[in-house]
Amino acid sequence: MVAQVAQVLQNPRRLAALYELGMLDTPAEQAFDRLSRLAARILKTPVALVSLVDSDRQFFKSCLGLPEPWSRWRETPLSHSFCQHVVATGQPLVVPDARRDPHLLDNLAIRDLNVIAYLGSPLILSGGQVIGSFCVIDTKPRAWTDEQISIVRDLAASVMTEIGLRHASSELERRVQERTRDLRTTNEALSESESRYRELVELAADGIFISDADGRFIEVNAAGCELSGYAREEVLSRGFNDLIPGTDREHDPPRLEELHAGRTIVRERRVLHKDGTIVPVEISVKQLPSGRLQGIVRDITARKKVEAERERLLAELAARNVEMESFIYTISHDLKTPLITINGFASVLAQMLPRGDTPEARDSLAEIAKAAEVMKKHIEDLLTLSRIGRVVAEMNALSMDVFLTEVLSNFAQRLRSANGRVELAPDLPTLLVARDGFIRVFSNLLDNAIKYRRPEAPLVIEIGWRHDAGEIRLFVRDNGQGIKPQFQHRIFGLFQRADSRTEGTGVGLAISKRVVETHGGTMWVESQPGQGSTFWIGLPGSALIEP
Ligand code: ADP
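Residues numbered from 1 in each chain as written. Predicted model: local features only at pLDDT ≥ 70, side-chain atom pairs only at ≥ 80, totals over all residues. Heavy atoms only, no water.

Visitor: Looking at this model, I keep getting lost on the overall build of the protein. Mind explaining?
Guide: In terms of regular secondary structure, the protein is built from 17 helices and 19 strands. Compactness check: the protein gives a C-alpha radius of gyration of 58 Å against a globular reference of 24 Å for 547 residues, more than 25% above the reference. Overall, the C-alpha framework of the protein stretches about 180 × 55 × 50 Å when taken along its three principal axes. Evaluated residue by residue, the protein yields a buried proportion of 42% over its 547 residues. When contacts within the protein are restricted to residue pairs at least 6 apart in sequence, long-range pairs at least 24 apart make up 59% of them. Carbon and sulfur atoms form 55% of the exposed surface of the protein, whose accessible area is close to 31,000 Å². With 68 positive and 74 negative side-chain charges, the protein shows a separation of 2 Å between the mean positions of the two kinds. (Helix = DSSP H or I, 4+ residues; strand = E, 2+ residues; numbered from the N terminus. Rg over C-alpha atoms; globule rule 2.2 N^0.38 Å. Buried < 20%, exposed > 50% of the residue type's maximum accessible area, 1.4 Å probe, protein only. Contact = heavy atoms within 4.5 Å. Areas by Shrake-Rupley, 256 points an atom, 1.4 Å probe, with all protein chains shown as cover. Lys, Arg positive; Asp, Glu negative; His and termini not counted. Charge placed at Lys NZ, Arg CZ, Asp CG, Glu CD.)

Here it is, written out as structure tokens:
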């Protein structure tokens, strides 16, 4: 009997169910005490208990009428427990006089708690586990009636209802707490991912914005502010249209219908920067379900520059091709002319040979030599031209004063015989240029000034400079024949000559201009026919070392 009772009491599943209720060692509660009081009153007993039977004790969730110290301790060891038998059998235990019951007469509750009569009904969980007993106790023998037994059973059921309610509500509370916790983590996860997203947006190299349906900005990232030059608050007080040049708005209005139709619009536009400059951008915009617009703006200045540079190179290539064609045409022509001369005089010479050494034969030989010389000059010029730009020139710091004096020394003889003089400006700068190339440029300009002078006027050549619009402009001015307006820009082309009376190949100015272009500059002429010409050499300001 004792062993059987112990086996049931120690059943792990029973104990687990009991512990799960979480009622052991908890304070007394009105709901249970009310049931105990009711039982004691109806059954007229001094004691009524809600007893939860643990593995080694019974704990009284409600404890009415027990003597001290038990009533204070609210528990007894199993040695003092009748309730354990209710749990062991799962049936009501009806004891009229314990002293006469062979199973109970040794129970210490008789001696210590004065338990004589006992009526208990099991507390059974819906899962079938018996966790304790609801009982009434009397200190004198009692003959329990069936009705009293059924009252105790009903009250035990009420205790279970109360426990069930408690369990359900604590389960509910646990779930609510769990859900709240889940919700919190979900919210935390959401706000964490949102802040991560914001960080990403903020770090993006492209401008990212959200505007209302009318294009007034609501959000903008750092790149968007930087692109427009405005601070964030300034951007947010503006609309899309404020950042676009007015003319663009007229020529290329926003395509709102397409946006409203849900299409993502990608287009190139221009943004009016706060400092007044224009920034080319590529914008992709989409309308959000809320009606707001969301967009990405990319600065395409670099791309545009590359495109423009490509266009420029293509145009230059095309121009070079045209130049090359005319070059090939002219060169074949110009090289053929002396050859025809050579050929003609060679056959004259052949006819004369039998007659021996005659003055005509010498003349013919001289003509042949002259024609060969012309060809040589042509070929040398061509070689020079082909070298410029192909070979990277060494750059030197040239004090123009010293440099030009040196170049002029080669012209001293010719200037004297032409009765000419050169006036060098007193304030010539020091420039970073290719010395060899500049010797060619100035030699050619001086050579031309002498060649195309007016015999009637003493030749005066002025060389000076200006620092103009960030550019260095050197000039060589003469008081010679001048050049007719229609020839003025052509003379810089290959083999272009405006004067057939004077000797020349028409390559000099082409070479000069090419040299200046390899310095990032250009050449042009201003001239009055019959009065003189001024040849200009324009160089980027960076060429200036010392004024
Ligand atoms: P070249 O002198 O060998 O003909 P250039 O290319 O040096 O070739 O000059 C091209 C043409 O420009 C010349 O044929 C001439 O008609 C004209 N020209 C150049 N310099 C002067 C000048 N200082 N005054 C007048 N005409 C000039």
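Visitor: Can you walk me through the packing of helix 3 (residues 30-43) against helix 7 (residues 146-203) in this structure?
Guide: Helix-helix packing: each pair is described by the crossing angle between the helix axes and the interaxial distance. Here helix 3 crosses helix 7 at 175 degrees, and the two axes come no closer than 10 Å. For the element pair helix 3 / helix 7, the angle class is roughly antiparallel. Contact with helix 3, carried on its side by Ala31, Phe32, Leu35, Leu38, Ala39, Ile42 and Leu43, involves Gln148, Ile151, Val152, Leu155, Ser158, Val159, Glu162, Ile163 and Arg166 of helix 7 and no other residues of that element. When its residues are assigned to classes, the contact of helix 3 with helix 7 shows 12 nonpolar, 2 polar and 2 charged. (Axes fitted to C-alpha atoms, helices over the stretch in contact; angles between N-to-C directions. Parallel < 35°, antiparallel > 145°, perpendicular 65-115°, else oblique. Nonpolar A, V, L, I, M, F, W, Y, C, P; charged D, E, K, R; others polar.)

Visitor: Help me understand the side chain of Asn479 in this model?
Guide: Note that Asn479 resides in the loop between strand 16 (471-478) and helix 17 (508-518). For Asn479, the side chain forms a polar contact with the main-chain oxygen of Pro458, separated by 2.9 Å. Residues within four places of Asn479 in sequence aside, it is in contact with Arg454, Pro458, Leu459, Val460, Gln531 and Gly532. (Polar contact = N/O pair within 3.5 Å; in protein donor to acceptor, adjacent residues only side chain to side chain.)

Visitor: When you look at the site of the ligand in this model, what are you seeing that I'm missing?
Guide: Around the ligand, the surrounding shell holds 21 residues, and the nearest of these are Asn448, Asp478, Arg497, Ala498 and Leu509. For the ligand, an oxygen atom lies 3.0 Å from a polar atom in the side chain of Lys451. At 2.8 Å, a side-chain N or O of Asp478 approaches a nitrogen atom of the ligand. Its free accessible area being 530 Å², the ligand has 97% of it covered by the protein chains. Elements that contribute at least two residues to the shell around the ligand include exactly helix 16 (435-451), helix 17 and strand 18 (532-540). The biggest single contributor to the shell around the ligand is helix 16, with 4 residues. Classifying every residue of the shell around the ligand gives 8 nonpolar, 9 polar and 4 charged. (Near = heavy atom within 4 Å.)

Visitor: Can you help me understand the pattern of salt bridges in this one?
Guide: Pairing between side chains of opposite charge can happen when their charged atoms approach one another. If you walk through the whole model with that rule in mind, you get 39 salt bridges. Notably, a salt bridge pairs Asp447 with Arg414, separated by 2.6 Å at the nearest N-O pair. With Asp447 in helix 16 and Arg414 in helix 15 (residues 412-417), this pair connects stretches of sequence that are 33 residues apart. Of the charged contacts in the structure, one is a salt bridge between Glu423 and Arg421, with a shortest N-O distance of 2.2 Å. Overall, the relative accessible area of 46% leaves Arg421 in the partly exposed class. Each of Glu268, Glu282, Arg303, Lys304 and Glu307 takes part in salt bridges that share partners, so that together they form one network. (Salt bridge = Lys/Arg side-chain N within 4 Å of Asp/Glu carboxyl O.)

Visitor: Which parts of the structure should I look at to understand helix 17?
Guide: Since the α-helix advances by 3.6 residues per turn, residues separated by three or four positions end up pointing in the same direction. For helix 17, every residue scored as buried is listed here: Leu509, Ala510, Ile511, Ser512, Arg514, Val515 and Val516. In this structure, the buried residues of helix 17 make contact with helix 12 (301-352), helix 13 (359-387), helix 16, strand 17 (522-528) and strand 18. Of the residues flanking the end of helix 17, it is Gly520, one or two places downstream, whose phi is positive at about 80 degrees.

Visitor: How should unusual backbone geometry be read in this particular structure?
Guide: Leaving glycine aside, a negative phi is the common case for residues, and trans is the common case for peptide bonds. Backbone torsion omega between Glu68 and Pro69 reads 5 degrees, so that peptide bond is classified as cis. Take Pro69: it is sitting in the loop between strand 2 (57-64) and helix 4 (70-73). Of note, Lys44 is a non-glycine position whose phi angle comes to about 55 degrees, a positive value. For Lys44, the position within the fold is in the loop between helix 3 and strand 1 (47-53). Since its relative accessible area comes to 64%, Lys44 is described here as exposed. Within the chain, Asn114 stands out as a residue other than glycine whose phi angle is a positive 60 degrees. Mapped onto the fold, Asn114 is located in the loop between helix 6 (108-112) and strand 5 (117-124).

Visitor: When you look at the packing of aromatic side chains in this model, what are you seeing that I'm missing?
Guide: Each aromatic ring pair is characterised by the separation of its centres together with the angle its planes make. In the structure shown here, the tally under the stated rule is 10 aromatic pairs. Centroid distance Phe209 to Phe217: 5.3 Å. Interplanar angle 85 degrees. Geometry classified as edge-to-face. Of the two residues, Phe209 and Phe217, neither departs from the other in class, the shared state being buried. Seen from their ring centres, Phe438 and Phe442 are 6.1 Å apart, and the 45 degrees between their planes marks the pair as tilted. Taken together, the residues span about one helical turn, with Phe438 and Phe442 both in helix 16 at a distance of 4 residues. What makes Phe442 buried here is its relative accessible area of 1%. In this structure an aromatic cluster arises from ring pairing among Phe209, Phe217 and Phe240. Above the ring of Phe475, the side-chain terminus of Arg477 is found at 4.4 Å from the ring centroid. (Phe/Tyr/Trp six-rings, centres within 6.5 Å; stacked < 30°, edge-to-face > 60°. Lys NZ or Arg CZ within 6 Å of the ring centre and 35° of its normal.)

Visitor: Is there a simple way to explain the nonpolar core in this structure?
Guide: Nonpolar side chains in soluble globular proteins tend to be buried together. In terms of nonpolar packing, the biggest core is built from 57 residues, with Met400, Phe438, Phe442, Leu474, Ile537 and Leu539 touching the most fellow members. When residues of this core are assigned to their parent elements, the largest contribution, 7 residues, is made by helix 16. Excluding anything up to four places from it in sequence, Phe442 contacts Met400, Phe403, Leu404, Val407, Ile463, Leu474, Val476 and Ile537. Counting 30 residues, the second largest nonpolar core, distinct from the first, contains Leu18, Leu35, Phe59 and Leu155. (Core = buried A, V, L, I, M, F, W, Y, C linked by side-chain atoms within 4.5 Å.)

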